Amino acid sequence: MFRHVVMFAWADGIDDAHVAATTAAFDALPGKVDVIESYVYGPNVGTADGNSDYVVVADFASADNFAAYRDHPDHVALVQEFIAGKVSLRNAIQYEI
């Protein structure tokens, strides 16, 4: 299995409505991208200062399937609409599990 984890901090001015819309967009993605094996995501619950604001953890059968997800038009559109230009910090990692 191949895991992709991405965490980000929202830019100033991003409101709860945008976060909810982002979550709704993530909700729809597994139905559009069939290479996703497991997909969990959500906003930070705020129990500690200094944490990221949002996380996505996605599992795939292979690195090739991750690449198919990464480049899938629906994933690219989600990133462009809800993430790009709307975060102040982004970190990601991919690893074998």
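A brief look at the structure comes next. Computed from a predicted structure; not experimentally measured.

### Digging into the overall build of the chain
- Helix and strand counts for the chain come out as 3 helices and 4 strands.
- In the chain, the order of α-helices and β-strands from amino to carboxyl end is β-α-β-β-α-α-β.
- Considering only C-alpha atoms, the chain reaches an extent of 35 × 25 × 20 Å along its principal axes.
- Split into buried and exposed, the 97 residues of the chain put 31% on the buried side.

### Examining a nonpolar patch on the surface
- A contiguous nonpolar surface patch, about 360 Å² in accessible area, is contributed by M1, I93, Y95 and I97.
- Mapped onto the elements, Y95 comes out in strand β4 (residues 87-96).

### Describing the packing of aromatic side chains
- For the coordinates displayed, the defined rule picks out 12 aromatic pairs.
- Joined through ring pairs, the aromatic side chains of F2, F8, W10, F26, Y39, Y41, Y54, F60, F66 and Y69 make up one cluster.

### Describing the nonpolar core
- With 21 residues, the main nonpolar core has Y39, Y54, F60, Y69 and L78 as its most contacted residues.
- Secondary-structure elements contributing two or more residues to this core are β1 (2-10), α1 (16-28), β2 (36-43), β3 (54-60), α2 (63-71) and α3 (73-83).
- Beyond its immediate chain neighbours, meaning those up to four positions away, Y54 contacts V6, M7, F8, W10, V19, T22, T23, F26, Y41, G42, P43 and N44.

### What about the packing of α2 against α3?
- Between α2 and α3, the shortest axis-to-axis distance is 5 Å and the interhelical angle comes to 55°. The orientation of α2 relative to α3 falls into the category oblique. The residues of α3 that touch α2, namely those facing Y69, R70 and D71, are P73, H75 and V76.
- Taken together, the residues of the contact of α2 with α3 break down into 3 nonpolar, 1 polar and 2 charged.

Rules used throughout
- Residues numbered from 1 in each chain as written.
- Predicted model: local features only at pLDDT ≥ 70, side-chain atom pairs only at ≥ 80, totals over all residues.
- Heavy atoms only, no water.
- Helix = DSSP H or I, 4+ residues; strand = E, 2+ residues; numbered from the N terminus.
- Buried < 20%, exposed > 50% of the residue type's maximum accessible area, 1.4 Å probe, protein only.
- Patch = residues over 30% accessible without salt bridge, like charges linked within 9 Å, V, L, I, M, F, W, Y side chains within 5 Å.
- Areas by Shrake-Rupley, 256 points an atom, 1.4 Å probe, with all protein chains shown as cover.
- Salt bridge = Lys/Arg side-chain N within 4 Å of Asp/Glu carboxyl O.
- Phe/Tyr/Trp six-rings, centres within 6.5 Å; stacked < 30°, edge-to-face > 60°.
- Core = buried A, V, L, I, M, F, W, Y, C linked by side-chain atoms within 4.5 Å.
- Contact = heavy atoms within 4.5 Å.
- Axes fitted to C-alpha atoms, helices over the stretch in contact; angles between N-to-C directions.
- Parallel < 35°, antiparallel > 145°, perpendicular 65-115°, else oblique.
- Nonpolar A, V, L, I, M, F, W, Y, C, P; charged D, E, K, R; others polar.

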